[in-house]
Amino acid sequence: MKIIVTGGAGFIGGNFVHYMLSEHPEDRIVCLDQLTYAGNMETLAPVADHPNFRFVRADIADRESVFPLFEQEQPDAVVHFAAESHVDRSIENPGIFLKTNVIGTGVLMDASLQFKVKRFHQVSTDEVYGDLPLDRPDLFFTEQTPLHTSSPYSASKAAADLLALSYFRTYGLPVTVSRCSNNYGPYHFPEKLIPLMITNALRDIPLPVYGTGENVRDWLYVIDHCRAIDRILRAGSPGEVYNVGGHNERTNLQVVRTIVERLGKSTDLITFVTDRPGHDRRYAIDPTKISESLGWEPTTRFEQGIDLTIQWYLENRNWWERIINGEYREYYEKMYGKR
Ligand code: NAD
Ligand code: DAU
């Protein structure tokens, strides 16, 4: 198979590129990434010399770049990760989320139609379902849960999902969609909860918990997500949506306390700060469909995954120190300076 992977220099896309070249070295992987603040060539350094890997820097919303690439590569499949992905940034600046997440997805699908791609996989998120109440642990997101978004980020992802499914119904483009819960693991940009807490704790600086810290997220180790996408790509049915998650719910405070404890730091570092506007209370995925129809099950429990993740950040200080010493400083000051 020849696969165009968009957003492969980011967190999940980067892990997916590594996973695919190791599990299916016969497949050709062409990574299309604009290298925004979230893209990092160092994430791709371990595969840069692989004979079946090519990197192309371009904006997915730019037809003049995307169509010639599809014409040249004639891909069998597109796995579409590229997105603006951070909720807090979407609250500050929604416009770029519409351009990349909606227009960019449309451009990729137009190219996929023209060049007769056999599968377009849209990597989506459980955030399109909105949130669940904290006092109803019996409720979960299924594929039938109505879309009900809270942030400009989740609204842009929901728009992209609906656009993708419309290309299946209207034009017959073989689209699949996966909606996954919160990922964690190596190469996670330090603006997100887990890597932010690890990298702050390692520098003995405050750990900013929004609101009361009671919001719940359903954590999945990134490689389990990559395995799920690989299953869907090879055995999933066009037109179908698959929820991906592993029943690993934790409050934010539980996650932060686990990190503090594993690193042997003081809980005094935990600081409660002003809440995120529109903050979703609880996410929880029901993965029955992907489990029963495709035989996918998560393999890494949270206790094991968080240890692997902390170990990776301890062993790869260069990767994250270069980020936090760059433009991230201004971002951090703006978001947390007066919070
Ligand atoms: P990320 O922010 O780490 O990486 C995004 C990548 O996309 C970067 O490499 C960036 O350079 C690239 N990109 C951004 N705009 C682009 C553009 N216009 N053209 C080309 N490339 C562009 O994101 P992530 O956390 O790895 O998320 C990847 C995908 O998975 C997203 O679609 C996200 O919605 C989805 N998702 C994420 C999670 C999670 O927990 N992180 C969970 C479920 C789904
Ligand atoms: O559920 C999947 C989604 O998970 C993905 O679609 C998004 O791309 C990804 O960013 C993630 O969204 P969240 O908003 O859940 O992740 P984030 O790491 O930003 O925040 C996780 C929780 O931690 C959330 O309740 C907000 C809280 N938080 C976050 C940060 C950055 C804090 O308390 N303090 C922080 O500094």
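Now for a description of the structure that goes with this document.

Calculation criteria
- Residues numbered from 1 in each chain as written.
- Chains lettered and ligands numbered in written order.
- Predicted model: local features only at pLDDT ≥ 70, side-chain atom pairs only at ≥ 80, totals over all residues.
- Heavy atoms only, no water.
- Helix = DSSP H or I, 4+ residues; strand = E, 2+ residues; numbered from the N terminus.
- Rg over C-alpha atoms; globule rule 2.2 N^0.38 Å.
- Buried < 20%, exposed > 50% of the residue type's maximum accessible area, 1.4 Å probe, protein only.
- Contact = heavy atoms within 4.5 Å.
- Areas by Shrake-Rupley, 256 points an atom, 1.4 Å probe, with all protein chains shown as cover.
- Axes fitted to C-alpha atoms, helices over the stretch in contact; angles between N-to-C directions.
- Parallel < 35°, antiparallel > 145°, perpendicular 65-115°, else oblique.
- Left-handed = near helix turned anticlockwise from the far one by under 90°.
- Nonpolar A, V, L, I, M, F, W, Y, C, P; charged D, E, K, R; others polar.
- Pairing = 2+ DSSP bridges.
- Near = heavy atom within 4 Å.
- Polar contact = N/O pair within 3.5 Å; in protein donor to acceptor, adjacent residues only side chain to side chain.
- Phe/Tyr/Trp six-rings, centres within 6.5 Å; stacked < 30°, edge-to-face > 60°.

## With respect to the overall build of the protein chain
Tallying secondary structure elements over the protein chain gives 13 helices and 12 strands in all. The C-alpha atoms of the protein chain give 19 Å as radius of gyration, which agrees with the globular expectation for 339 residues (20 Å, within 12%). Considered along the principal axes of its C-alpha atoms, the protein chain spans approximately 55 × 45 × 35 Å. Classification of the 339 residues of the protein chain by burial places 57% in the buried group. Pairs at least 24 apart in sequence give 84% of the contacts found in the protein chain among residues at least 6 apart. Accessible area of the protein chain: about 14000 Å², with a carbon and sulfur share of 50%.

## With respect to the packing of helix H7 (residues 193–202) against helix H11 (residues 302–315)
The axes of two packed helices give the description: the angle between them and the distance between them. With their axes 11 Å apart at the nearest point, H7 and H11 run at an angle of 50° to one another. Between H7 and H11, the angle falls in the class oblique. The crossing of H7 and H11 is right-handed. Seen from H7, the contacting residues are Ile194, Pro195, Ile198, Thr199 and Leu202; seen from H11, they are Phe302, Ile306, Thr309, Ile310, Tyr313 and Leu314. Residues belonging to the contact of H7 with H11 are distributed by class as follows: nine nonpolar, two polar and no charged.

## Examining the sheet that holds strand E7 (residues 182–184)
Sheet strands pair by backbone hydrogen bonding; their relative direction is either parallel or antiparallel. Across the sheet, which stays open at both edges, the three strands sit in the order E7-E9-E11 with mixed pairing between neighbours. The outermost strands of the open sheet, each flanked by one partner alone, are E7 and strand E11 (249–251). The mean angle between the axes of side-by-side strands here comes to 50°, regardless of whether they run parallel or antiparallel. Two elements, strand E9 (residues 216–221) and E11, share three bridges in a ladder whose sense is antiparallel. If you follow Arg217 over to E11, its bridge partner there is Arg250.

## A few points about the pairing of strand E1 (residues 2–6)
With respect to burial, E1 is a largely interior element, four of its five residues being buried. Where E1 meets strand E2 (residues 28–33), five bridges bridge the pair, whose relative direction is parallel. What sits directly across from Ile3, in E2, is Ile29. Summarising the sheet, E1 and strand E4 (residues 77–80) pair through four bridges and their orientation is parallel. By the bridge assignment, Thr6 is partnered in E4 with His80.

## Considerations on the environment of Trp219
Mapping Trp219 onto the fold places it in strand E9. The buried category is assigned to Trp219, whose relative accessible area is 3%. When the C-alpha atoms of Trp219 and Tyr184 are compared, they prove to be 6.9 Å apart, with 35 residues separating the residues in sequence. Excluding residues within four positions of it along the chain, Trp219 makes contact with Asn182, Asn183, Tyr184, Leu193, Ile194, Asn248, Arg250, Val255 and Phe302.

## A closer look at the site of ligand 1
In the vicinity of ligand 1 there are 28 residues, among which Ile12, Asp33, Ser85, Tyr153 and Lys157 approach most closely. A distance of 3.5 Å separates an oxygen atom of ligand 1 from a polar atom in the backbone of Gly39. At 2.6 Å, a side-chain N or O of Tyr153 approaches an oxygen atom of ligand 1. Protein coverage of the free-state accessible area of ligand 1, which is 840 Å², stands at 97%. Counting residues per element, the ones that place at least two in the shell around ligand 1 are helix H1 (11–23), strand E5 (119–125), helix H6 (152–171) and E7. If you tally residues by element for the shell around ligand 1, the top one is E5, at three residues. Here the residues of the shell around ligand 1 are counted per class, giving 13 nonpolar, 12 polar and three charged.

## Points about the packing of aromatic side chains
Within a pair of aromatic rings, the relevant descriptors are the distance that separates the centres and the angle that separates the planes. Under the criterion given, the structure shown has 20 aromatic pairs. Relative to Phe189, the ring of Tyr37 lies with its centre 5.2 Å away and its plane at 85°, an arrangement referred to as edge-to-face. Placement of Tyr37 in the loop between E2 and helix H2 (41–44) and of Phe189 in the loop between E7 and H7 is noted, with a sequence separation of 152 residues between them. We classify Phe189 as buried; its relative accessible area is 9%. Residues Tyr328 and Tyr331 carry aromatic rings whose centres are separated by 5.9 Å and whose planes lie at 35° to one another, so their mutual orientation is tilted. In this pair, Tyr328 and Tyr331 are both assigned in helix H13 (residues 328–336), three residues apart and thus about one turn of the helix distant.

## A look at the side chain of Asn101
Positionally, Asn101 belongs in helix H5 (residues 95–114). One polar contact links the side chain of Asn101 to the main-chain amide nitrogen of Glu84, over a distance of 2.9 Å. With residues near it in sequence (within four places) discarded, Asn101 still touches Ala83, Glu84, Ile96, Tyr153, Ser156, Lys157 and Ala160.

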